[in-house]
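The lines below spell out each chain.
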Amino acid sequence: DWSSDVCSSDLLKKTIELCTIAVKNNGFALKYVPEELKTIELCTIAVANNINALEYVPKEFKTIEFYILVVKQNNLALKNVPEKFKTEEFYTLVYK
């Protein structure tokens, strides 16, 4: 019914908000975020906060664009960027 849909929607929003707050405080909290709630944005926040969270980022999110966002936020993450992504274009986009 309509009311249960609204409640489910509100609960999902609150859950996503809590996950976002958690990874902003400690990126490693990404470990405990259900896979279906992980987004590129949430994973970027987590890894920029704690590079060890990279282990819990879904493989499909680990693109050159993802690594550019992460390194822009945390230069120390550069050492975790796969060599195949470390191109002239990558460095230009990261450090422009």
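Not measured: the values here are computed from a predicted model. (Residues numbered from 1 in each chain as written. Predicted model: local features only at pLDDT ≥ 70, side-chain atom pairs only at ≥ 80, totals over all residues. Heavy atoms only, no water.)

Visitor: For this particular structure, what's the right way to read the confidence of the model for the protein chain?
Guide: Low pLDDT marks regions whose predicted coordinates should not be analysed in detail. Chain-level pLDDT for the protein chain is 88 on average; 92% of the residues reach the 70-or-more range. The low-confidence segment residues 1-7, where pLDDT is below 50, has zero contacts with residues more than four positions distant or belonging to other chains. (pLDDT = per-residue confidence, 0-100. Contact = heavy atoms within 4.5 Å.)

Visitor: Where do I start with the packing of aromatic side chains in this structure?
Guide: Centre-to-centre distance and the angle between the planes together describe a pair of aromatic rings. Using the criterion set out here, one finds five aromatic pairs in the structure. Arranged with centres 5.4 Å apart and planes meeting at 80°, the rings of Phe28 and Tyr56 form a pair that is edge-to-face. Linking Phe28 in the loop between α1 (2-25) and α2 (40-49) with Tyr56 in the loop between α2 and α3 (64-73), this pair joins segments that are 28 residues apart in sequence. Geometrically, the ring pair formed by Phe90 and Tyr91 is edge-to-face, given 5.4 Å between the ring centres and 85° between the ring planes. (Phe/Tyr/Trp six-rings, centres within 6.5 Å; stacked < 30°, edge-to-face > 60°. Helix = DSSP H or I, 4+ residues; strand = E, 2+ residues; numbered from the N terminus.)

Visitor: Sorry, what's going on with the packing of α2 against α3 here?
Guide: Relative placement of two packed helices is described by the angle separating their axes and the distance separating the axes. Viewed as axis vectors pointing N to C, α2 and α3 meet at an angle of 40°, and their least axial separation amounts to 9 Å. When the axes of α2 and α3 are compared, the pair comes out oblique. For α2 against α3, the interelement crossing comes out right-handed. Contact with α2, carried on its side by Ile40, Cys43, Thr44, Val47 and Ala48, involves Phe66, Leu69, Val70 and Gln73 of α3 and no other residues of that element. Class assignment of the residues belonging to the contact of α2 with α3 gives a composition of seven nonpolar, two polar and no charged. (Axes fitted to C-alpha atoms, helices over the stretch in contact; angles between N-to-C directions. Parallel < 35°, antiparallel > 145°, perpendicular 65-115°, else oblique. Left-handed = near helix turned anticlockwise from the far one by under 90°. Nonpolar A, V, L, I, M, F, W, Y, C, P; charged D, E, K, R; others polar.)

Visitor: Explain the pattern of salt bridges to me, please; I cannot follow it from the model alone.
Guide: If the charged atoms of two oppositely charged side chains come close together, the side chains can form a pair. In total, this model carries two salt bridges according to the counting rule given. Taking the shortest distance from any N to any O, the salt bridge between Lys86 and Glu83 comes out at 3.3 Å. Glu83 gets classed as exposed once you look at its relative accessible area, which sits at 60%. (Salt bridge = Lys/Arg side-chain N within 4 Å of Asp/Glu carboxyl O. Buried < 20%, exposed > 50% of the residue type's maximum accessible area, 1.4 Å probe, protein only.)

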